[in-house]
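As a plain string of letters, each chain reads:
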Amino acid sequence: MPTLHAPAHDTGPTRRRGRPAVVAAALAAVLLGTLGNVTAAPARAADQPAGAQPVAVDCPPVLADKATCYTGQDANGAFYAMAVPHRWNGSLVVHAHGGPDLGDTSDPARSTEDLERWAVMVDQGYAWAGSSYRRGGYGARMAAADTENVRRLFTDRFGRPGHTYLHGQSWGGNVAAKTAETYGRRPGAYDGVLLTNGVLGGGSRGYDYRVDLRVVYQYYCHNHPRPTEPQYPLWQGLRPGSTMTTAGLRARLQECTGYASDRADRTASQQRNLDDILAVTGIPERTLESHLRFATFTFRDIVTNRLDGRNPWSNRGVRYTGSHDDKALNAGVERFSADPTARRDLSWDSDLTGRVSLPVLTLHAIDDPTAFVEHEAAYRATLRGAGRDGNLVQTFTNEHEHSSLSDSEYANSLSALDAWVRTGHRPSPRSIAAGCAAFDAAYGDGCFYDPGFHPAPYASRVRPRPGGLTWPAMTAARERAWSRIEGVGIAP
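Residues numbered from 1 in each chain as written. Predicted model: local features only at pLDDT ≥ 70, side-chain atom pairs only at ≥ 80, totals over all residues. Heavy atoms only, no water.

## Observations concerning the pairing of strand S6 (residues 163-169)
Burial within S6 is extensive, with seven of its seven residues counted as buried. Of the two faces of S6, the one lined by His163, Tyr165, His167 and Gln169 and the one lined by Thr164, Leu166 and Gly168 are each fully buried. Sheet analysis places strand S4 (residues 91-96) next to S6, joined by six bridges and oriented parallel. Counterpart to Ala96 in the pairing with S6 is Gly168. With helix H6 (residues 171-183) bridging S6 and the parallel strand S7 (residues 192-196), this β-α-β connection has right-handed handedness. (Buried < 20%, exposed > 50% of the residue type's maximum accessible area, 1.4 Å probe, protein only. Helix = DSSP H or I, 4+ residues; strand = E, 2+ residues; numbered from the N terminus. Pairing = 2+ DSSP bridges. Right-handed = clockwise from strand over helix to strand, strands pointing away.)

## A few points about the environment of Val280
Among the structural elements, Val280 can be located in helix H10 (residues 268-281). Val280 sits in the buried class, given a relative accessible area of 2%. Discounting chain neighbours no more than four positions away, the residues touching Val280 are Val216, Tyr320, Thr321, Gly322, Ser323, Leu329 and Arg463. (Contact = heavy atoms within 4.5 Å.)

## Digging into the nonpolar core
Counting residues in each nonpolar core, the largest one holds 90 residues, and the members touching the most others are Met82, Phe154, Trp313 and Tyr379. One finds Ala83, Trp128, Leu361 and Cys436 within the second-largest nonpolar core, a separate group that totals 34 residues. (Core = buried A, V, L, I, M, F, W, Y, C linked by side-chain atoms within 4.5 Å.)

## A short note on the confidence of the model for the protein chain
For the protein chain, per-residue confidence averages 90 on the pLDDT scale, and residues scoring 70 or more make up 89% of the total. This stretch, residues 1-51, has a pLDDT under 50; its non-local contacts, to residues over four places away or in other chains, come to 107 contacts. (pLDDT = per-residue confidence, 0-100.)

## Some details on the packing of helix H8 (residues 208-221) against helix H11 (residues 288-306)
Closest axis-to-axis distance for the H8/H11 pair is 9 Å, and the angle between their directions is 95°. The orientation of H8 with respect to H11, classified from their angle, is roughly perpendicular. For the pair H8 and H11, contact is made by Tyr209, Arg210, Val211, Leu213, Arg214 and Tyr217 and by Leu288, His291, Leu292, Phe294, Ala295, Thr296 and Phe299, respectively. Here the residues of the contact of H8 with H11 are counted per class, giving nine nonpolar, two polar and two charged. (Axes fitted to C-alpha atoms, helices over the stretch in contact; angles between N-to-C directions. Parallel < 35°, antiparallel > 145°, perpendicular 65-115°, else oblique. Nonpolar A, V, L, I, M, F, W, Y, C, P; charged D, E, K, R; others polar.)

## Topic: the packing of aromatic side chains
In total, this model carries 15 aromatic pairs according to the counting rule given. A centroid spacing of 6.3 Å and a plane angle of 65° characterise the contact between Tyr126 and Tyr165, whose relative ring orientation is edge-to-face. One end of the pair, Tyr126, is in the loop between helix H4 (119-123) and strand S5 (127-131); the other, Tyr165, is in strand S6, and 39 residues separate them in sequence. Between Phe154 and Phe158, the aromatic rings sit 4.7 Å apart at their centres with planes inclined by 45°, giving tilted as the arrangement. (Phe/Tyr/Trp six-rings, centres within 6.5 Å; stacked < 30°, edge-to-face > 60°.)

## Re the side chain of Arg134
Along the chain, Arg134 turns up in the loop between S5 and helix H5 (140-158). At 2.6 Å, the side chain of Arg134 forms a polar contact with the side chain of Asp146. (Polar contact = N/O pair within 3.5 Å; in protein donor to acceptor, adjacent residues only side chain to side chain.)

## Observations concerning the side chain of Arg463
As for its position among the elements, Arg463 is in the loop between helix H16 (429-443) and helix H17 (476-483). For Arg463, the side chain forms a polar contact with the main-chain oxygen of Val280, separated by 2.6 Å. A distance of 3.1 Å separates a polar atom in the side chain of Arg463 from the backbone oxygen of Arg319.

## Considerations on the pattern of salt bridges
By the definition in use, this model includes 21 salt bridges. Residue Asp208 is joined to Arg465 by a salt bridge in which the shortest nitrogen-to-oxygen separation is 3.8 Å. A residue pair is termed long-range when its members are at least 10 positions apart, and Asp208 in helix H8 and Arg465 in the loop between H16 and H17 qualify at 257 residues. Grouping residues by exposure puts Asp208 and Arg465 together as buried. For Arg465, the salt bridge is made with Asp212, and the minimal N-O distance between the two is 2.5 Å. A residue pair is termed long-range when its members are at least 10 positions apart, and Arg465 in the loop between H16 and H17 and Asp212 in helix H8 qualify at 253 residues. Asp212 matches Arg465 in its accessibility class, with the two residues each being buried. Among the charged side chains, a network of salt bridges with common partners joins Glu148, Arg151, Arg152 and Arg186. (Salt bridge = Lys/Arg side-chain N within 4 Å of Asp/Glu carboxyl O.)

## Describing the packing of H8 against H10
With their axes 10 Å apart at the nearest point, H8 and H10 run at an angle of 155° to one another. On the basis of their axis angle, the class for H8 and H10 is roughly antiparallel. As for how H8 packs across H10, the hand of that crossing is right-handed. Counting all contacts with H8, which are made through Asp212, Leu213, Val216, Tyr217, Tyr220 and Cys221, the residues of H10 involved are Asn273, Asp276, Ile277, Val280 and Thr281. Considered class by class, the residues forming the contact of H8 with H10 number seven nonpolar, two polar and two charged. (Left-handed = near helix turned anticlockwise from the far one by under 90°.)

## Let's talk about the state of the cysteines
Considering all chains together, one arrives at three disulfides under this definition. Between Cys59 and Cys69 runs a disulfide, and the two sulfur atoms are separated by 2.0 Å. Around the S-S axis, the bridge from Cys59 to Cys69 shows a dihedral of about 110° and counts as right-handed. One end of the pair, Cys59, is in the loop between strand S1 (55-57) and strand S2 (67-73); the other, Cys69, is in strand S2, with ten residues separating them in the sequence. Here Cys59 and Cys69 have matching classes, each one buried. At a sulfur-sulfur separation of 2.0 Å, the disulfide partner of Cys436 is Cys447. Residues Cys436 and Cys447 are joined by a disulfide whose S-S torsion is about -85°; by sign, that bridge is left-handed. (Disulfide = S-S within 2.5 Å.)

## Re the sheet that holds S1
Backbone-to-backbone hydrogen bonds pair the strands of a sheet. The strands run either parallel or antiparallel. Here nine strands make up an open sheet; going across it, the order is S1-S2-S3-S5-S4-S6-S7-S8-S9 and the pairing mixed. Sheet topology places S1 and strand S9 (392-397) at the edges, where each strand pairs with a single neighbour. Neighbour to neighbour, the strand axes of the sheet diverge by 20° on average, direction disregarded. One ladder, built from four bridges, connects S4 with S5; its direction is parallel. Directly across from Val93, in S5, lies its bridge partner Trp128. In the packing of H5 onto the sheet, contacts are made with S2, strand S3 (79-85), S4, S5 and S6, and the angle to S3 comes to roughly 45°. Relative to S6, helix H15 (residues 407-423) is tilted by about 140°, and along the sheet it contacts S4, S6, S7, strand S8 (360-365) and S9.

Below you can see the structure in the form of structure tokens.
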């Protein structure tokens, strides 16, 4: 990729200050460890296992001859990756990855894969650091703690950057926003936040459409579970101990809806089931399987592994519409109410208060089929409810994917955030869109901004539960009150 440094970057003294220095052994001895829990201060070097310092490794091919790359594992078991460009502009991007991935341990490949995926940021002259998190499974505060810790690890190894920016995509957007609220008030920690295709509705409301999918699917398909199999409440996602695989789930979805077949090859019953499920839930056909997978395996992780079998979700009072027989659907769909302590713990872990004191720029595909663009409306309402919406600028593009956006737009967004932080001048969606052409000259991925777009309210896409129309879903006062409850939240 060609390197294009935006004019907002200080390419003079900042770059000279930011070049990686040779770190003396005495300084390296203060390498920070990870958080012992989600609220404690990070451990010092004495708590680090042997070999915890970043080790130089080969960079991904796209960054060959452009950067020096490092990997390591921190005291809590989280693998991480770092990259320092040969032409470092002095600033750092700390990345929060999406998912959540499932599994009991940290995946050493995740952070290096993310480095390759967002190599455009390193190509633009920013150092980069990302954690794989200490384990798989749900836990936004845990992931935020590991994200903050990799920033500290980087700072101890390479010195304090001129500016530090948070970036999160997908569920990582939730994690990065939580990191900004939790650690962003510390002087010198972070200077700005970039959230791309973020899941910004929080855990207690952000998955309600998948709750709806789970029960609506079972109403029509009757095969998850089958009548001949052990029964369980659908809010569990999947019963503990089940050996169902993703392939098995896909087979059941195909059996009921023919989703993987051409329309002409589906039976009339399959087509009607598919039409009703899509119409009622509003989920795009192309991502139906991935949403059902989340509502199965990730729900099981949240309920069984993180909340001790308690139910955080409700669909009481929800009226489902759009089917060929709404009356029968609403009479027959499974109903349940949340356990208040489970809902509290999920909310405290992942909901956002909106109390962010940093410039926040978001970039979201209007036709994102996974994290619906209405998440942005929820996030703006959250910051507005906290009196902080002046810190937010939102941009939208006419793209159709969730997992990646144009490199030209990533580079442009980071440049716009950097200029906002350096100058104090808040950009507009239109000015950001206008700046993209310079980056597209280098990357050629296209600029697809729609500066006039405004997302509809979250409740227009996801049926609200009674009392679920106001934002923030968790106020700062409630967060403080809950934090005094022993064992609140999700264990790291």
